[in-house]
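# Coordinate analysis (summary)
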Amino acid sequence: MLCVLPGGLVDEAGTVHDEVELRGLSGREEELLAGDGGAETCAAALVTALLSRCVRRIGGIRQVDADVTRRLLVADRQFVLLKVREATFGERVQGSVPCPWPDCGRRVAVSFSTSDVPVRAARDKGPVHTGVLSADAMPGAGDADRTVAFRLPTGADQEALSGLLEENEAAALTGLLARCLLRVGPDASVDEERVARLSPLARLEIERRMEEAAPRVDLLMEAECAHCGRAFSAPFDPQGFFFGELRATADLLRREVHYLAYHYHWSEREIMEMPRARRGRYIAVLADEIERSNECV
Ligand SMILES: [Zn+2]
């Protein structure tokens, strides 16, 4: 499958690599990601592992390992994850979310196609973005002192901060700004202590500029509650959903392997290397055969 990243990887020469060639998961990878080991690894590290297995090429980069997939922007990683999910399970996503109205709270079925998820490409590919903060954000400072330079958050940032994010969200956000801010005025070494000295308004303005510069995958689903009739929007978490789906179908995977091994006498290793769609085609052929031989009896 081919797709184009909403952001892209910019190399040292300034070339943007954004055409992605990827494939769906094999049975072995489904098992690996659904396994118990997955629950202990942070979600960001799991996404890195998944993408480095399934992405074959990004633009001219043909050696896509964990380091390369960590360098991808957060939205690019979400986008590729949706595409890997599409290549593995198909476009249609079916699940349920709780109705957010407190007097209802019942589960509502939602269904959408991953190809309909709105994606906004980044106009400026960076990798360095600059902006001038308002005079209110840095009282008494001149234009040059209020100029900031930053890069956008990547998978590496998510992995580095995932532990802290669970304990202390505010500290994680400060850590993220310290990692992504490359310059504040003349100050080219921005650490957490420098970030802590920024006014709340300055931080807010920097966060807004980062949001504006970043590509975006719009993961808000529109739904209507079948019980109370009210409309609402709910966030869709592609990582949680995809990994949940893999865990939920782990039993089915084992049954499919057993079924195919029983009828075709293939080894477990051979069957586990097949993607889900190919297993499904063989199972459909077998089901036809069995039905036909039953009719002959
Ligand atoms: Zn409701």
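Residues numbered from 1 in each chain as written. Predicted model: local features only at pLDDT ≥ 70, side-chain atom pairs only at ≥ 80, totals over all residues. Heavy atoms only, no water.

### Things to note about the packing of aromatic side chains
As a reminder, the rule being used: Side-chain rings of Phe, Tyr and Trp, where Trp is taken by its six-membered ring, are said to pair if the distance between their centres is within 6.5 Å; with planes under 30 degrees apart they count as stacked, over 60 as edge-to-face, and otherwise as tilted. Only DSSP runs of H or I with at least four residues qualify as helices, and only runs of E with at least two residues qualify as strands; both kinds are numbered from the N terminus onward. Only protein chains enter the accessibility calculation, which uses a 1.4 Å probe. A residue is then buried if its area is under 20% of the maximum for its type, exposed if over 50%, and partly exposed in between.
On inspection of all chains with the given rule, the structure shows seven aromatic pairs. Between Trp266 and Tyr282, the aromatic rings sit 4.9 Å apart at their centres with planes inclined by 75°, giving edge-to-face as the arrangement. Taken as a pair, Trp266 in the loop between α11 (250–264) and α12 (268–272) and Tyr282 in helix α13 (residues 276–296) lie far apart in primary sequence, 16 residues in all. Judged by relative accessible area, Trp266 falls into the partly exposed class, the value being 24%. Given the relative accessible area of 27%, Tyr282 is considered partly exposed. Among the aromatic residues, those joined into a ring-pair cluster are Phe89, Phe242 and Phe243.

### Considering the sheet that holds strand β1 (residues 2–10)
Sheet strands pair via backbone hydrogen bonds, and the direction of the pair is either parallel or antiparallel. Our working definition: DSSP calls a pair of strands paired once it identifies at least 2 bridges connecting them. Axes, fitted as lines to C-alpha atoms, cover a helix only where it is in contact. Angles between the N-to-C directions of the axes lie from 0 to 180 degrees. The contact definition used throughout considers only heavy atoms, calling two residues in contact when any of these lie within 4.5 Å.
Here three strands make up an open sheet; going across it, the order is β1-β2-β3 and the pairing antiparallel. The strands lining the two open edges of the sheet, one partner per strand, are β1 and β3 (55–58). When strand polarity is set aside, the average angle formed by the axes of neighbouring strands in this sheet is 30°. In this structure, β1 lies alongside strand β2 (residues 16–22), joined through five bridges in antiparallel fashion. Looking at the pairing, Leu9 lines up with His17 of β2. In this fold helix α3 (residues 43–54) packs onto β2 and β3, with an angle of close to 80° to the strand it touches most, β3. Most of the contacts of helix α5 (residues 74–89) go to β1, to which it runs at about 160°, and overall it touches β1, β2 and β3.

### So, the packing of α5 against helix α10 (residues 238–248)
Put simply, the rule is: These descriptions rest on fixed angle ranges, namely under 35 degrees for roughly parallel, over 145 for roughly antiparallel, 65 to 115 for roughly perpendicular, and the rest for oblique. Should the near helix be turned anticlockwise from the far one by less than a right angle, the crossing is left-handed, and should it be turned clockwise, the crossing is right-handed. We call Asp, Glu, Lys and Arg charged. Ala, Val, Leu, Ile, Met, Phe, Trp, Tyr, Cys and Pro are nonpolar, and the rest, Gly among them, are polar.
Taken N-terminus to C-terminus, the directions of α5 and α10 make an angle of 25°; their axes are 10 Å apart at the nearest point. With respect to α10, the axis of α5 lies roughly parallel. As α5 runs across α10, the sense of the crossing is left-handed. From α5, Leu81, Leu82, Val84, Arg85, Thr88 and Phe89 reach across to α10, where they touch Pro238, Gln239, Phe241, Phe242, Glu245 and Leu246. Here the contact of α5 with α10 is composed, by residue class, of eight nonpolar, two polar and two charged.

### Examining the sheet that holds strand β8 (residues 147–150)
An order of β7-β8-β9 is seen for the three strands of this open sheet, with the pairing classed as antiparallel. Each edge of the open sheet carries a strand with a single partner, namely β7 (129–132) and β9 (181–184). Strand-to-strand twist of the sheet, defined as the mean angle between neighbouring strand axes without regard to direction, takes the value 15°. Looking at chain direction, β8 and β9 are connected through three bridges and run antiparallel. Across the sheet, the residue bridging to Ala149 is Arg183, located in β9.

### As for unusual backbone geometry
The peptide bond linking Gly126 to Pro127 adopts the cis configuration, its omega dihedral lying at 10°. Its identity as a non-glycine residue notwithstanding, His265 has a phi of 60°, on the positive side.

### Topic: the nonpolar core
The line we're drawing: For the purposes of this section, nonpolar cores are sets of buried Ala, Val, Leu, Ile, Met, Phe, Trp, Tyr and Cys residues that join through side-chain atoms within 4.5 Å.
Membership of the largest hydrophobic core comes to 45 residues, with the highest contact counts inside it found for Leu50, Ile58 and Val84. It is α5 that provides the largest number of residues to this core, a total of six residues. Look past the residues within four positions of Val84 in its chain and what remains in contact with it is Leu22, Arg23, Gly24, Leu25, Leu50, Leu51, Cys54 and Phe242. Judged by nonpolar contacts, the second largest core, of 22 residues, contains Met138, Val148, Val184 and Met210.

### Remarks on the environment of Thr130
Secondary-structure assignment places Thr130 in strand β7. Residue classification places Thr130 among the exposed positions, given a relative accessible area of 60%. Considering only alpha carbons, one finds Thr130 and Leu182, 52 residues apart in sequence, at a separation of 9.5 Å. Once residues within four sequence positions are removed from consideration, Thr130 is found in contact with Val148 and Ala149.

### Observations regarding helix α9 (residues 200–213)
Inclusion rule: By definition here, a helix of n residues has an expected span of 1.5 Å times n minus one.
The end-to-end C-alpha separation of α9 is 20 Å, in line with the 20 Å expected for 14 residues at 1.5 Å each. Its buried side turned inward, α9 meets β7, β8, α7 (169–180), β9 and α8 (192–196).

### Structural notes on the coordination of the zinc ion
Worth spelling out the cut-off: A 2.8 Å cut-off from the metal defines N, O and S donors, relaxed to 3.2 Å for Na, K and Ca; water is not in the atom list, so some sites may appear incomplete. Geometry is assigned from donor-metal-donor angles: four donors are tetrahedral when every angle falls between 85 and 135 degrees, four are square planar and six octahedral when opposite donors sit over 155 degrees apart with all other angles between 65 and 115, and any other arrangement is irregular.
Around the zinc ion, the protein contributes the donor atoms Cys99 (SG), Cys104 (SG), Cys225 (SG) and Cys228 (SG), which lie 2.3 Å from the metal centre. Each of the four donor atoms bound to the zinc ion contributes to angles spanning 103 to 116°, and the resulting shape is tetrahedral. Along the chain, the residues donating to the zinc ion are arranged with the sequence spacing C-x4-C-x120-C-x2-C. With Cys104 in the loop between β4 (92–98) and β5 (107–113) and Cys228 in the loop between β11 (220–224) and β12 (231–235), the pair connects residues that are 124 residues apart, well separated along the chain.

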